[in-house]
Structure formats: C-alpha cells, structure tokens
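# Summary of structural features
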Amino acid sequence: MLNAPEGSDGASAEGVPFVQLVGPDGRRTEGAQDAAYRDRTAHLGTEELRTMYRDMVLTRRFDDESTALQRQGELGLYPQGRGQEAAQVGSARALRPQDFVFPSYREHGVLQVRGVDPVDRLRIYRGTEHGGWDPADHRVHLNTLVLGSQTLHATGYALGLQRDGLVGTGDPERDTAVVTYFGDGASSQGDVSEALVFAAVNNAPVVFFCQNNQWAISEPTSRQTRVPLYKRGEGFGIPGVRVDGNDVLASYAVMTEALERAYAGGGPTFVEAYTYRMGAHTTSDDPTRYRERAEEEEWALRDPIDRLAALLRAEDRWDDDWAAGVAADAETLAERLRADVRSIEDPPSVSMFDHVYATPQAQVETERAWFTTYQDETAEAAR
Amino acid sequence: MSTQTMPFAKALTAGLRAALDADDKALVMGEDVGRLGGVFRITDGLQKDFGEHRVVDTPLAESGIVGTAIGLAMRGYRPICEIQFDGFVFPAYDQITTQLAKLHYRSRGRIQVPVVVRIPYGGGIGAIEHHSESPEALFAHTPGLRVVSPATPQDAYDMIRAAVVSPDPVIFFEPKGRYWSKGEVDLDSPVPSLDGGGPDPLGTARIARTGTDVTLVAYGPTVATALSAADALAAEGTSAEVVDLRSISPLDVPTVVDSVRRTGRCVVVHEAPTYFGPGAELAARVTEECFYSLEAPVQRVGGFHTPYPVAKVEHDYLPDVDRVCDAVDRALSH
C-alpha cells in the first residue's frame, strides 16, 4: 500500500490500544486501563446481556434474509451490516428514549434496537420509498446516502436541543443527546469536519459514532487517514476514544460515557468503533477483487455474536431454552420479511408528484395534471 | 398605516426583525451576521435585540451553515441563513440540493424543513471574482426549492416574511446592486399567508408597468432596468409592459402568458447567463402557450456564457437599457 502508515490498516493495527471489556474468547478483560469503562457495565445482568444478544442475532438474521431477498430479485440492493452488530447494538442500547439518532445507511442494528419496523427498513431497497418510516416514531432520522451529510443535521438538531433547554438540567427525563453514525469513508467528507467544528465551538450534545469497518467499498482505511480515526476530534477540541467495535459491552460503555458528557453540557465526543464489514459493501459489490480471504478469516474469529455467546456461556448466563427462543424469534422475523416484503405494493406512478412541496406548487400540479390525463388517455386507447 | 420611504436593505432588515418578533423559533445564522450586522448590514442591530442564540455568528463554512440549519429545522426552528455572496453558496450546494430540497419528499411529508437561504446576488458593484454572480437557474432546476427575488423595498419586506413562514425551503436572492434603492414600504402590511387560500405571495408575478406593444419579463435587479427601458421606449412611441416575476420557481406562467397574448412580443431580461438560463424556460413556455399570439420570437437579454467578467468590463456583460431596447427593436422588426 502506497503511503500507508505503519500499522494503520485492518488487523495489523492491533498495536493501537482500544477499549475492550470482552476478548475474542468471550472472557472479560482485566486491564486496569479499562476499569472505568468496566464499571459502566457492572449493572448489566443476565437479562440485559441476553437482550443485547437477541438484538444482535435478529440484526444478523435481518441482514441474511435481506441479502437473500435481494438475490431473489425482491430488493434492488442491500448494504450488508454483518460484523458490525456489536458496535451498533451496544451503542444504541446506551441511548435514552428521548435521544435522537442520525444514521447513515448500514445501521441495521441501531434501527433494530430503536424499534424501526424491519419491513419499513427495506422499503428504500424495494424501491417503493426513499425513506420508509416516520422519524418521530422512534427518534431515528431516515437513512442518509450522501456520506457525512447527516453529521451536520445531527449537530443542528443538537443546537436545537440546547436552545430548548434540554441539556445540563440533571434530569434524566429531560437531558437529551444526539448520536450520528458514519463510517471511515465518510470521515473524509468535508461535512464531517464542518460538523466537528460546529459541534465543538457550540459545545453541542452530539456523539460522533464512527464505525471504522476497515473498508470504504474497495479502499482500506489507510486511504482515508494517516492517524487512527479516534484522534480526528483532537484538533477540533473534541475528546476521542477507540473502542473494540466487536465487543458489545465496550461499545455500550464508551457510549454511556459520551452520552453523559453530552447530557451534562460537556459537549461532543468522537467514538471510533474498530470493527469489520464481514460482508460486501452492498449486494452489488465483490470484495474478492480487493481484499484477501485470509483477512476475512482472521476477522471471522472475532465475530461479535460468537463473542457474546461465549461470554454468556462462560458466565453461566446461557440457557438452551432461552437460546432456542431467540432462534425461533429470528426465524419468525425471516418468515415475516419473506412474506411482507414481497407483498409491499408498488405505489401508483402518480404518487411521484406527492410531497415535493408542503404547499401546492404550480409546476408540480401542472405536471401532475398532465400526467394524469396522459395516463387516462393511454389507458383508454389501450382498451 | 406606517408607510415609510427606505432603502431596499433597510426594508429587508425590518422584515427580518418582524419575522424574529413574530416567531421565537425563527433564527438568523451566518457569517458575520451578529455583531457586525452582516457585510451588507442587513442584520444590523438584530443580535443586540434578539441575542446570540437567535442571531448566530457561525463558523466560516457554508455547508455547515445550511446542514446545521436543516437539523435545527427538524427540531422545530425556522433558520434564516445568510450566504455572504452568491459565489460562496456552492460549498452549501450539496446540502441544499441533496438534503434541503428533498427531505419533505423522501419523508413523504413527515419532515418539513422551513429553511430560508438568503443570497445577495448579481453584479454592477465593481466587485472581485465570485461576488457578482446570478446562479438562480441552478436552484430553480432543483425540485423542492422555492426560488424568489424581490425587486422593490415593499416586496423585500413582504417576501422575506413570507419566506420565513413558508413550510418549504426558500432560496431568497437579494439584488445587492439595488440594496440602496429607495421605495415606500408599508410596515403594517399583513404577513403574507401561504395556506393556499389566496394568491401565492412567493409565487405570484406583478405587473410593474402596463403596456401594449411588448412584454418585458424581469426579476430582481433587472426590473429597474426593464422599467428604465420602458421609459426610453415610451419616448420613441413603444408601449412596453413590465412583468416583475418575483419568483423564479415556481414561475407565474399565467401572468406572463396573459401579458404576451395582449402584446404579442416578449423580451426576457436577467443577469444570469442566457444559455440554459431562466429566459430559456420562459421562452419555451411562452412559445408553447402563446404561439398564435406571438408576432416575433421571444428575445432574451442576459449574461454571456463566460464566467462573470472583471469589474472593468461588467457594464458590457450586464443587461442595460440599450441592450433591452435593442432586443425590443429585434422583436418589433418582425
């Protein structure tokens, strides 16, 4: 790799320390450097850990089933999230109900935790909607496909929260934060840097949650940055932390810290969740053209779901009946997707004229009227 | 009725002040808009009266201004962004066209983004590069945006207030070369309503002068040019009607068509380059709808297909009375 700084690329960067509370073997780590983060997960008992496990299993089943539906021609495209479940579920489980999420488009685990309906999540890929859900329902903005744009929207929303007096009140029912998700590729976008500037100078309650999944389609992270991404915030005056994004507890812990800072009026945080995109960029991508099988195999050993399962077993929190229930829930989800995605009806063509403006607009209405007449006449002629 | 004579710039300031008074969710944000009052002093005194949280000096980053305005709008605010000069809107062009213009559409009406983007535009002020451009066609070509440009102090006062209450994003082009032109302003004029009941206050053209021989269609800075040309034409015995579009998107086609059907001739005047400019759309629409009333092809007067030229030659780039009269002569020669 030309110009690649030593050790910044993929698995070779293990030398850079990150927050890790559960190792790939499913054993809790004991390093003193992470003690404060460890304390942040001390209250998580069997039920909470099982909830996270279930979130992750359902997220992966959603991913697999969506990929299959694309292969069957039921979806036009699907961006796979396999491998990033721990970063997404752990961080999202740290949120309060009133917090607002601005995702990119691979945050299937976040949407799962926030309760966005799985069928609604696929409307965009079915080609029947550009959005799919009401952002107000679960306090999750629509997917943003123009990379990094949403980091500015998140920051603006956070500026609104400040004006609404919802920061630093000390009341957990009121203090509110925003989290924006983006990736290592998007980190190069100017909008991300502008968002860091606006957030920093205003001390805005926003968490920049960067999932470094090692690949921006075919470009490794070394094509995006010469320093570890968690240091990106430093020059802006924003504290940064790198977390093992395949460790759901560590992801949860760093997020609680970032959120507490935001709630209290301490301003933004930059989190780099170090993880791996095990699948393709999208169903149109072919990773064999740009990355080695050995690398994928190495990361497969750090599978975030296996890791949490191992922890549950190691701590005697696993129960076969419960696990069978989770598997059954995943099967139910898959069955529902197979049935309900196929039955999403195509919208009528004339609906393309809806909602261009909130108020009636002469040009749109003229064209809608023309199109309606044209369609009627064409139908008449065909009869 | 408190009618006062004031410059266009002061009418805008009064309109912004009224908008901030009327809705405590309205915010002014941009570079230097606070303490300085903006480089053109349009926001003069507003921060002093409304505070730093409502009249916000932002970092020097246009995409950031519009991008955070979108987030504020999603939180229920009505941001009024100032872009310092026309040529500096392009860093924000991505946020405006891919996000601001589309959020209502892609959310199927669930999200409204009532953001106003004010842009001082146009030439004739002897400025350096990037300070004299007219990029309105780029925004008019984007579905989801309203694109307007007032020509008189009264319209500046009325239209900025209408823009702030508009649930749709508005790109508000201010003819900076006319900032110091004076006119009467009725400060008690009601806030224009966009509820769909009456005429669209942001989308309805105005007959600035009646005439019978030719229709001059203009907006923003060229309305005054067209009116001066109409004076000159009258002296030669030609009666020109002047239509002030006020809105480039939507276009008030019926008002233009009605006028051209009466006069039989149409000359469009704008500072933007004629090539793929608003005049091209107007010429097409007039031709489609007034073909049998037209005595001559629609004429266009505008900027050339060059980057905005250096200040010492801009007088020959911008449409002036002579070029408008020349185009009218061409129309009359048929």
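Chain B carries the name Pyruvate dehydrogenase E1 component beta subunit in an unreviewed UniProt entry, which gives Isoptericola halotolerans as its organism. According to the UniProt record, the Cofactor (unreviewed entry) comment for chain B reads "thiamine diphosphate".

Looking at an unreviewed UniProt entry, chain A carries the name Pyruvate dehydrogenase E1 component alpha subunit, with the source organism given as Isoptericola halotolerans. According to its UniProt record, chain A has this under Cofactor (unreviewed entry): "thiamine diphosphate".

### Remarks on the overall build of chain B
Secondary structure assignment for chain B yields 12 helices and 14 strands. For chain B, whose C-alpha radius of gyration is 19 Å, the value lies close to the compact-globule estimate of 20 Å for 334 residues. Expressed along its principal axes, the backbone C-alpha trace of chain B runs to roughly 60 × 45 × 45 Å. For chain B, buried positions account for 60% of its 334 residues. Intrachain contacts of chain B at a sequence separation of at least 6 include 81% that bridge at least 24 residues. Taken as a whole, chain B presents about 12600 Å² of accessible surface, with 53% of it coming from carbon and sulfur. Here chain B contributes 30 positively and 43 negatively charged side chains, and the mean placements of these two sets differ by 5 Å.

### Brief notes about the packing of helix α7 (residues 149-163) of chain A against helix α4 (residues 93-100) of chain B
Contact geometry for α7(A) and α4(B): axes closest at 11 Å, N-to-C directions at 85 degrees. The orientation of α7(A) with respect to α4(B), classified from their angle, is roughly perpendicular. Where α7(A) abuts α4(B), its residues Ser149(A), Leu152(A) and His153(A) lie against Asp94(B), Gln95(B) and Gln99(B). The residue makeup of the contact of α7(A) with α4(B), split by class, is 1 nonpolar, 4 polar and 1 charged.

### Here we look at the nonpolar core
Core analysis: the biggest nonpolar cluster contains 145 residues, and Tyr53(A), Leu249(A), Met255(A), Ile96(B), Val117(B), Ile171(B) and Leu245(B) have the highest contact counts within it. For this core, the element with the most residues is helix α9 (residues 248-263) of chain A, which contributes 11 residues. With sequence-adjacent residues up to four places away left out, Val117(B) is seen in contact with Val66(B), Cys81(B), Ile83(B), Ile96(B), Leu100(B), Val170(B), Ile171(B) and Phe172(B). Leu16(B), Val55(B), Ile80(B) and Ile160(B) belong to the second largest nonpolar core, which has 33 residues in total.

### Notes on the UniProt feature "domain: Transketolase-like pyrimidine-binding" (unreviewed entry) in chain B
Under the UniProt annotation, the feature "domain: Transketolase-like pyrimidine-binding" (unreviewed entry) is placed at residues 6-181 of chain B. Helix and strand shares over residues 6-181 of chain B are 36% and 17% respectively, and the end C-alpha atoms of the span are 8 Å apart.

### Re the environment of Gly115(A)
Checked against the element boundaries, Gly115(A) lands in the loop between α4 (108-114) and α5 (118-126). It is 9.8 Å that separates the C-alpha atoms of Gly115(A) and Arg139(A), two residues lying 24 residues apart in sequence.

### Quick look at empty space enclosed by the protein
Empty space among the atoms can be located by rolling a probe the size of a water molecule over them. Residue and element names in this part refer to chain A. By the definition in use, this model includes 2 cavities of 30 Å³ or more. Within this model, the largest cavity holds a volume of roughly 40 Å³. Every residue lining the largest cavity is listed: Val 22, Asn 246, Asp 247, Val 248, Leu 249, Pro 304, Arg 307, Leu 308 and Leu 311. The element best represented in the lining of the largest cavity is helix α11 (residues 304-314), accounting for 4 residues. Partitioned by chemical class, the residues of the lining of the largest cavity number 6 nonpolar, 1 polar and 2 charged. Reported here for the second largest cavity is a volume of approximately 30 Å³. When contributions to the lining of the second largest cavity are tallied by element, the ones reaching two or more residues are α2 (46-71), α3 (85-93) and α4. Looking at the lining of the second largest cavity residue by residue, the class counts come to no nonpolar, 6 polar and 3 charged.

### Examining the sheet that holds strand β7 (residues 269-274) of chain A
Residue and element names in this part refer to chain A. Taken in spatial order, the 5 strands make up an open sheet running β1-β2-β3-β7-β6, and their pairing is parallel. Sheet topology places β1 (100-102) and β6 (240-244) at the edges, where each strand pairs with a single neighbour. Looking at each pair of strands side by side, their axes are set apart by 20 degrees on average, direction ignored. Two strands pair when backbone bridges link them, and strand β2 (residues 178-183) and strand β3 (residues 206-212) are joined in this way by 6 bridges, in the parallel orientation. From the neighbouring strand, Val 178 faces β3, where its bridge partner is Val 206.

### Side note on the domain arrangement of chain B
All names here are of chain B. With domains assigned, chain B is organised as domain 1 (3-186) and domain 2 (206-332). Look at where the C-alpha atoms of domain 1 and domain 2 centre, and you get two points 26 Å apart. Contacts between the two partners involve 25 residues from domain 1, matched on the other side by 23 residues from domain 2. For the pair domain 1 and domain 2, the summed buried area comes to about 1700 Å², and 55% of that belongs to carbon and sulfur atoms. The largest per-residue losses of area from domain 1 upon contact with domain 2 belong to Glu 136, Ala 151 and Arg 178, which jointly make up 24% of the total buried on that side.

### Some points on the domain arrangement of chain A
As assigned here, chain A comprises domain 1 (10-342) and domain 2 (349-382). A C-alpha centroid distance of 41 Å is found between domain 1 of chain A and domain 2 of chain A.

### Considering the interface of chain B and chain A
Between chain B and chain A, the residue contacts involve 44 residues of the former and 45 residues of the latter. Across the interface of chain B and chain A, roughly 3600 Å² is buried in total on both sides, 56% from carbon and sulfur atoms. On the chain B side of the interface with chain A, the three residues burying the most area are Arg75(B), Tyr105(B) and Arg106(B), jointly 21% of the side's total. Across the pair Arg75(B) and Asp164(A) runs a salt bridge whose closest N-O atoms are separated by 2.6 Å. Across the contact surface, chain B and chain A share 24 residue pairs in polar contact (both at pLDDT 80 or more).

### Section: the packing of aromatic side chains
Evaluated as defined, the whole model comprises 29 aromatic pairs over all chains. Ring plane angle 45 degrees and centroid distance 6.2 Å describe the contact between Phe8(B) and Tyr179(B), whose orientation is recorded as tilted. Within this pair, whereas Phe8(B) is found in helix α1 (residues 8-22), its partner Tyr179(B) is found in the loop between β7 (170-175) and β8 (182-186), the two being separated by 171 residues in sequence. Chaining the aromatic ring pairs together yields one cluster made of Phe8(B), Phe40(B), Phe85(B), Phe88(B) and Tyr179(B). Above the plane of the ring of Trp318(A) lies Arg313(A), whose end atom (NZ or CZ) is 4.0 Å from the centre.

Quick notes on the rules
- Residues numbered from 1 in each chain as written.
- Chains lettered and ligands numbered in written order.
- Predicted model: local features only at pLDDT ≥ 70, side-chain atom pairs only at ≥ 80, totals over all residues.
- Heavy atoms only, no water.
- UniProt positions renumbered as here; feature names shortened; annotations may be inferred.
- Helix = DSSP H or I, 4+ residues; strand = E, 2+ residues; numbered from the N terminus.
- Rg over C-alpha atoms; globule rule 2.2 N^0.38 Å.
- Buried < 20%, exposed > 50% of the residue type's maximum accessible area, 1.4 Å probe, protein only.
- Contact = heavy atoms within 4.5 Å.
- Areas by Shrake-Rupley, 256 points an atom, 1.4 Å probe, with all protein chains shown as cover.
- Lys, Arg positive; Asp, Glu negative; His and termini not counted.
- Charge placed at Lys NZ, Arg CZ, Asp CG, Glu CD.
- Axes fitted to C-alpha atoms, helices over the stretch in contact; angles between N-to-C directions.
- Parallel < 35°, antiparallel > 145°, perpendicular 65-115°, else oblique.
- Nonpolar A, V, L, I, M, F, W, Y, C, P; charged D, E, K, R; others polar.
- Core = buried A, V, L, I, M, F, W, Y, C linked by side-chain atoms within 4.5 Å.
- 1 Å grid on protein atoms, 1.4 Å probe; cavity = no way out; pocket = protein on both sides within 12 Å on 5 of 7 lines; lining within 4 Å.
- Points joined across faces, edges and corners; volume = space filled by probe spheres on them.
- Pairing = 2+ DSSP bridges.
- Domains from an automatic or database assignment.
- Buried area = accessible area lost by both parts, 1.4 Å probe.
- Salt bridge = Lys/Arg side-chain N within 4 Å of Asp/Glu carboxyl O.
- Polar contact = N/O pair within 3.5 Å; in protein donor to acceptor, adjacent residues only side chain to side chain.
- Phe/Tyr/Trp six-rings, centres within 6.5 Å; stacked < 30°, edge-to-face > 60°.
- Lys NZ or Arg CZ within 6 Å of the ring centre and 35° of its normal.

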